[in-house]
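# Remarks on the overall topology
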Amino acid sequence: MPEQSNDYRVVVFGAGGVGKSSLVLRFVKGTFRDTYIPTVEDTYRQVISCDKSVCTLQITDTTGSHQFPAMQRLSISKGHAFILVYSITSKQSLEELKPIYQQVLAIKGNVEAIPIMLVGNKSDETQREVETKDGEAQANQWKCAFMETSAKTNHNVTELFQELLNLDKKRNMSLNIDGKRSGKQSRAERLKGKCSVM
Amino acid sequence: HHYESFLTGACKVKDNWLLTSISVRLERVETSRLTLLSLQLHLNIVCSVLYRHVMNELLETERAYVDELLCVLEGYAAEMDNPTMAHLIPSTLLSKKDILFGNMSEIYQFHKRTFLKDLEAYTDCPELVGRCFLERMKDLQIYEAYCQNKPRSESLWRQCSDCAFFQECQKKLEHKLGLDSYLLKPVQRITKYQLLLKELLKYSKGCDGCDDLQEALSSILGILKAVNDSMHLIAITGYEGNLSELGRLLMQGSFSVWTEHKKGHAKVKDLARFKPMQRHLFLHEKALLFCKRREENGEGYEKAPSYSFKHSLSMSAVGITENAKGDNKKFEIWCNSREEVFIVQAPTAEIKTAWVNEIRKVLTQQLQACRGTIKHRLSFLLLSFLLHISVTAYNHMFQKQVSRRAQTLFLRVPPATTPPSPSGWCQFHTTHT
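Residues numbered from 1 in each chain as written. Chains lettered and ligands numbered in written order. Predicted model: local features only at pLDDT ≥ 70, side-chain atom pairs only at ≥ 80, totals over all residues. Heavy atoms only, no water.

### Focus: helix α2 (residues 69–76) of chain A
- Burial of α2(A) is extensive: six of the eight residues sit out of reach of the surface.
- Of the positions making up α2(A), those classed as buried are A70(A), M71(A), Q72(A), L74(A), S75(A) and I76(A).
- Close packing links the buried residues of α2(A) with β1 (7–14), β4 (81–87) and α4 (97–108) of chain A together with α6 (142–160), α9 (185–202) and α10 (210–233) of chain B. (Buried < 20%, exposed > 50% of the residue type's maximum accessible area, 1.4 Å probe, protein only. Helix = DSSP H or I, 4+ residues; strand = E, 2+ residues; numbered from the N terminus. Contact = heavy atoms within 4.5 Å.)

And the structure:
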């Protein structure tokens, strides 16, 4: 298992163009750029609360190593939690997550103890190729959580990261530094129908 | 150009008052054409602006990368030799600098002295930046060594990541992220170039450097594939020889393999027919290795597969049958005139084609190298032969005898001492069904 430290590392996977960088940028900086998104940082960092103290959430972008499993492996072994992103406008992008999931499974062993979130991004788009129920079915099969997001309209972005932290039962983590899981109840209400945690 | 000539043409027509009505109609067309033209122009501008953005990102991230590597080398690697820090270094870490940092300093020197300068030289003609990559492809192979070492480095890091030495270094550097994030940078950097090249390509359709960019992209993808493949090599166990003597690793992958031995017992042969073995194959320039994949029992990090060595075929002694009957995912590799046949089934037809192409390339290169040496030998022989004639052919009556001598000379060509041995190309044949 990864060492217990002050860092909580989240690794984001997904094919090119599904909006990984947009999601992370939206979450970390609160911005969205329609035209050109520079992938400047390799690792983004955000202070969160964990077990009543402060720790850093590290988000590692893996964009370039897609298709190169042995190199991807180096990122997987570093991660505590995983976000697998596809675009709802591309069936192919969901397909491409399958080998990545298999690899996470192979390296981490028991996935049920590892927080994994399957994310269908670009939920604002109308040219849908992957229905919500297809995403849910896939998540069901993988025994992981599922959510649809839009980095563009900021739909479910913060929720995605908070839910991911909630999935980790070994620690008590929150995006709010004061340590309270504020609004968890109402968020859960809001997420009904959009998010299913299995 | 089309638009321009059309416009000048349209202007001429307008000057002629006799053709006013046509001109009016043309003007309408012209307006829509003009809209198109301005749209086209607009698109070109947007593309070049975006291209500049990507070029900027390439340059800025390259500078940042060089700085970060320097930070690590000075703030961590050099500190390991600092006597005032010595008491903080745990025994597990002592004299293991090379394992922890791999060839990072070589990578740093290359980027600092060469690649960054090369890239900067293209600031004024960014459309040609693809060439910069093409010129440095060989140098970028240094990443193979870095990535190969990375798992060892990681396991060392896990043993001592909490030690006071690293904490002290990180504090001095005022780094928010730990050393492990920086040790991953080279892996992230080498995989990032292809993304940037793809972006550049998107905005350079039909431009000057377009072909170079395309070529640079496929070359860098080739490098990544080689790095990825080479990382599997370190997991091979039980191979007695030296892997580095087998030439470059060209392909690796998992297959179902059946074997046939002509001399073997019929029973064994039949059994082998039905039950394939799962084998991980490593194709090198000089040999093909058959390994058995073993999942380690470790937890988490340690759960890396290993490949225990089973069998090796010298590429100078094999032949290939590209299409095995009835299955487009199968091919055959054999040696000793098909006395020993390996039927190999790839997971997909595409993978099979890629392998067959690569094996064919190796065998063809051997054939050419062989022809080369033979040609060389022949020209040498011919020279001595001509000398021989000039000395001996004073009498036309002895002509027959001379040519007979020449024949025996040819027959006495010694076997090639340099690899590849002739048996390889002699057996090289392909069947297409």
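### Examining a positive patch on the surface
All names here are of chain B.
- A grouping of K275, K292, R294 and K310 is seen on the molecular surface, where their side chains present a positively charged patch.
- The topology assignment puts K310 in strand β5 (residues 305–314).
- Overall, K310 belongs to the partly exposed group, its relative accessible area being 40%. (Patch = residues over 30% accessible without salt bridge, like charges linked within 9 Å, V, L, I, M, F, W, Y side chains within 5 Å. Areas by Shrake-Rupley, 256 points an atom, 1.4 Å probe, with all protein chains shown as cover. Salt bridge = Lys/Arg side-chain N within 4 Å of Asp/Glu carboxyl O. Lys, Arg positive; Asp, Glu negative; His and termini not counted. Charge placed at Lys NZ, Arg CZ, Asp CG, Glu CD.)

### Here's the deal with the domain arrangement of chain B
Residue and element names in this part refer to chain B.
- What the domain assignment reports for chain B is domain 1 (61–233) and domain 2 (244–355).
- On a C-alpha basis, the centres of domain 1 and domain 2 stand 34 Å from each other.
- Opposite the 10 residues of domain 1 that make contact, domain 2 presents 11 residues.
- Counting the surface lost from both domain 1 and domain 2, the interface buries some 850 Å², and carbon and sulfur atoms represent 51% of this.
- Linking domain 1 with domain 2 are one salt bridge.
- Elements with a contribution of two residues or more to the side of domain 1 that touches domain 2: α6 and α10. (Domains from an automatic or database assignment. Buried area = accessible area lost by both parts, 1.4 Å probe.)

### What to know about α6(B)
- With 19 residues, α6(B) extends 27 Å between its outermost C-alpha atoms, agreeing within 8% with the 27 Å of an ideal straight helix rising 1.5 Å per residue.
- Every buried residue of α6(B) is accounted for by I142(B), Y143(B), E144(B), Y146(B), C147(B), N149(B), K150(B), S153(B), E154(B), L156(B), W157(B) and C160(B). (Expected span 1.5 Å × (residues − 1).)

### Here we look at the pattern of salt bridges
- Scanning the entire structure with this criterion turns up 19 salt bridges over all chains.
- Salt-bridge contacts for R9(A) lead to D180(B); the nearest nitrogen and oxygen are separated by 3.4 Å. Highlighted residues: R9(A) in strand β1 and D180(B) in helix α8 (residues 179–183), drawn from two different chains.
- Given a relative accessible area of 1%, R9(A) falls into the buried group.
- With a closest N to O distance of 3.5 Å, K185(B) and E68(B) form a salt bridge. A residue pair is termed long-range when its members are at least 10 positions apart, and K185(B) in helix α9 and E68(B) in helix α2 (residues 20–77) qualify at 117 residues.
- Taken together, the shared-partner salt bridges connect D118(B), R136(B) and D139(B) into one network.

### Brief notes about the packing of α6(B) against α9(B)
Residues and elements named next belong to chain B.
- Put simply, α6 and α9 touch, their axes get as near as 10 Å, and they point 135° apart. One way to sum up the angle between α6 and α9 is to call them oblique. Note that α6 runs across α9; the crossing there is left-handed. Taking contact as the criterion, the partners of Y143, Y146 and C147 in α6 are, on α9, P186, V187, R189 and I190.
- Here the contact of α6 with α9 is composed, by residue class, of six nonpolar, no polar and one charged. (Axes fitted to C-alpha atoms, helices over the stretch in contact; angles between N-to-C directions. Parallel < 35°, antiparallel > 145°, perpendicular 65-115°, else oblique. Left-handed = near helix turned anticlockwise from the far one by under 90°. Nonpolar A, V, L, I, M, F, W, Y, C, P; charged D, E, K, R; others polar.)

### Points about the pairing of strand β3 (residues 53–61) of chain A
Residue and element names in this part refer to chain A.
- Most of β3 sits out of view: seven of its nine residues are buried.
- Examined bridge by bridge, β1 and β3 share six bridges and lie parallel to one another. Bridging across to β3, V11 finds its partner in T60.
- Between strand β2 (residues 43–50) and β3, which pair antiparallel one after the other, the connecting turn spans two residues, and D51 there sits at a positive phi close to 50°. (Pairing = 2+ DSSP bridges.)

### A short note on the packing of aromatic side chains
Residue and element names in this part refer to chain B.
- Applying the stated rule across the entire model yields 14 aromatic pairs over all chains.
- Members of the aromatic cluster, connected to one another through ring pairs, are Y76, W157, F165 and F166.
- For the cation-ring pair, K330 lies above W258, with the distance from its terminal atom to the ring centre recorded as 4.5 Å. (Phe/Tyr/Trp six-rings, centres within 6.5 Å; stacked < 30°, edge-to-face > 60°. Lys NZ or Arg CZ within 6 Å of the ring centre and 35° of its normal.)

### Some details on the nonpolar core
- Core analysis: the biggest nonpolar cluster contains 70 residues, and F101(B), V129(B), F133(B) and F166(B) have the highest contact counts within it.
- Here this core takes 13 residues from α2(B), the largest share from any one element.
- When residues no more than four places from it in sequence are discounted, the contact partners of F166(B) are Y76(B), L93(B), L100(B), W157(B), C160(B), S161(B) and L179(B).
- Grouped together as the second largest cluster of nonpolar side chains are 31 residues, L25(A), A81(A), L164(A) and L175(A) included. (Core = buried A, V, L, I, M, F, W, Y, C linked by side-chain atoms within 4.5 Å.)

### Let's talk about the interface of chain B and chain A
- Each partner contributes to the interface: chain B provides 38 residues, whereas chain A provides 31 residues.
- Where chain B abuts chain A, roughly 3100 Å² becomes buried across the two surfaces, and 55% of that area is made up of carbon and sulfur atoms.
- Across the contact surface, chain B and chain A share one salt bridge.
- In this assembly, chain B and chain A are joined by four residue pairs in polar contact (both at pLDDT 80 or more).
- Sorting elements by how many residues they give to the side of chain B that touches chain A places α9(B) first, with nine residues.
- Class assignment for the residues of the side of chain B that touches chain A results in 18 nonpolar, 10 polar and 10 charged. (Polar contact = N/O pair within 3.5 Å; in protein donor to acceptor, adjacent residues only side chain to side chain.)

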